[in-house]
Amino acid sequence: MSRNILHVDFNNFYASVECLQHPELANVPVVVGGDETARHGIVLSKNEIAKRQYGIKTGEVLWKVRERCPNVVILRPHMERYLEFSQLARTLYGEYTDRVESFGLDEAWLDVTGSGIFGTPRHIADELRDRIRREFGITVSVGVSFNKVFAKLGSDMKKPDATTVISETNFRDRVWRLPVGELLYVGRATQMKFARLGIDTIGDLARFDRKLLGTLLGKHGTMLWAFANGFDASPVALANENGTVKSVGNSTTMPHDLRCEADVRLVLYAIADSVAARLRRHGLAGSTISVSIRDCDMFTFERQCKNNHPTQLSGEIAEIAWSLFRTNYTWMKPVRALGIQVSDLTEDTACEQLDIFGEVSRRMKKGELEHTIDSIRNRYGHDMVLRASLMTAPELTGFRPAQGNFMHTTPIIRN
Ligand SMILES: [Mg+2]
């Protein structure tokens with residue numbers, strides 16, 4: 001049976017939320033970014049004026065933006081606000097379907113195949129746009145299609161505040177003329193390989209010989225070929241009913257690709273620090289630790305392992321993540337992004353019941369230490385307590401995840 005899938009994408013998400021708080025900035029170019037004084041501070045989000053009148057792009061370096069557009073207003077991000085909007089949106093989507101899968105903070109897929117009672121998929125898409133505009137004060141674009149990949153593509157085709165339908169009958173006309181780089185999971189490196197094969201559009205990819213592509217580019221190649229032809233059967237994940245947090249994690253895209261183990265280790269320790277702080281803040285501990293690794297080709301994979309007790313200690317989380325990385329990464333390519341997730345969560349009071357032979361008291365002492373660190377950081381700022389190892393490479397670990405104003409980092413809370 002054919003499916004009906006929506007992909008909802010908030011327009012200029014961070015910038016839109018910031019502009020809601022600052023109505024006086026309605027007609028000014030606004031950028032949300034990292035630290036302007038740091039050379040690697042980049043644009044995380046921009047409003048329509050910054051985009052249209054000044055051509056400011058996400059990922060651009062802030063000092064260059066300032067040079068070109070001296071009157072730009074640069075605001076620091078407030079992740080906790082964005083998280084709040086994200087959760088409100090999930091609640092709204094839940095009124096239409098229980099199949100809601102978040103993709104970052106500002107995007108989500110909804111499977112509305114069984115939601116006919118609310119109208120056609122296009123009607124649901126328009127209603128969602130309307131409601132989000134009225135109830136949240138910001139706009140979204142929605143793609144409607146029979147699979148996730150095309151739904152995502154659709155939400156990108158008309159912005160802001162628009163619905164685009166890509167159907168089984170019109171996808172060849174609508175999608176195939178687009179540059180192949182717009183397809184989900186086609187990174188810059190893959191795009192370059194495609195270019196050498198004469199594949200410039202999604203249509204070129206769809207019509208390319210599947211077997212040959214498999215030989216040249218492996219599984220990734222045949223997967224993308226299938227996407228281009230509309231053969232994407234991946235389901236929209238089922239949201240859990242009570243809306244409790246199922247995992248806590250952070251990931252970070254490095255300012256430059258990593259080529260050595262020492263740097264990876266540093267970054268993993270910094271991420272673990274932030275994840276552990278968030279676990280403690282929510283009073284949670286988890287026993288499954290996963291590490292996600294993205295190479296410079298945008299190829300991402302995840303490895304996980306089960307710890308014999310739930311933990312919220314950054315040292316423990318970091319060590320497990322680090323050993324997962326070491327046993328699973330072969331260094332065929334430099335590393336572009338890293339993430340750590342902790343799942344199988346329990347309330348942290350349950351931790352102690354699982355103890356044997358005094359292990360607990362050792363861990364509790366560590367726990368007390370980390371709680372103390374949290375409270376010092378809350379009162380005096382994150383920099384008051386830093387792991388000595390992290391201070392050796394501040395450009396890699398200089399984000400402040402626990403406080404949510406970090407630059408390249410995305411909090412992941414999966415429901
Ligand atoms: Mg968006």
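Everything below is about the structure shown above.
Residues numbered from 1 in each chain as written. Predicted model: local features only at pLDDT ≥ 70, side-chain atom pairs only at ≥ 80, totals over all residues. Heavy atoms only, no water.

A. Up close: the environment of L178. Along the chain, L178 turns up in the loop between α7 (171-175) and α8 (188-196). Sequence separation between L178 and M157 is 21 residues; the distance between their C-alpha atoms is 9.6 Å. The residues touching L178, leaving out its near neighbours within four places in the chain, are L153, M157, D200, T201 and I202. (Helix = DSSP H or I, 4+ residues; strand = E, 2+ residues; numbered from the N terminus. Contact = heavy atoms within 4.5 Å.)

B. Examining the packing of helix α4 (residues 79-94) against helix α5 (residues 121-136) more closely. Contact geometry of α4 with α5 gives a least axis separation of 12 Å together with a crossing angle of 140°. In terms of axis orientation, α4 runs oblique to α5. The interaxial crossing formed by α4 with α5 has right-handed handedness. Along its contact with α4, which presents F85, L88, A89, L92 and Y93, the element α5 presents L128, R131, I132, E135 and F136. Taken together, the residues of the contact of α4 with α5 break down into eight nonpolar, no polar and two charged. (Axes fitted to C-alpha atoms, helices over the stretch in contact; angles between N-to-C directions. Parallel < 35°, antiparallel > 145°, perpendicular 65-115°, else oblique. Left-handed = near helix turned anticlockwise from the far one by under 90°. Nonpolar A, V, L, I, M, F, W, Y, C, P; charged D, E, K, R; others polar.)

C. Structural view of the sheet that holds strand β5 (residues 100-102). With respect to topology, five strands assemble into an open sheet ordered β5-β6-β1-β7-β8, the strand pairing being mixed. Edge strands, defined here as strands with exactly one partner in the open sheet, are β5 and β8 (163-166). Averaged over all neighbouring strand pairs, the angle between strand axes comes to 15°, with direction disregarded. Two elements, strand β1 (residues 5-10) and strand β7 (residues 140-145), share six bridges in a ladder whose sense is antiparallel. Its bridge partner being in β7, H7 is matched across the sheet by G143. Relative to the sheet, α4 contacts β1, β5 and β6 (107-111), its axis offset from that of β5 by approximately 160°. (Pairing = 2+ DSSP bridges.)

D. Quick look at unusual backbone geometry. At the junction of K159 and P160, the peptide bond is cis and its omega measures out at -10° in the coordinates. Take P160: it is sitting in the loop between α6 (148-157) and β8. Even without glycine at this site, D161 takes up a positive phi of about 55°. Mapping D161 onto the fold places it in the loop between α6 and β8. Taking relative accessible area as the criterion, D161 reaches 21% and is therefore assigned partly exposed. The phi angle at Y185 is positive, at roughly 75°, despite the residue not being glycine. Relative to the assigned elements, Y185 resides in the loop between α7 and α8. (Buried < 20%, exposed > 50% of the residue type's maximum accessible area, 1.4 Å probe, protein only.)

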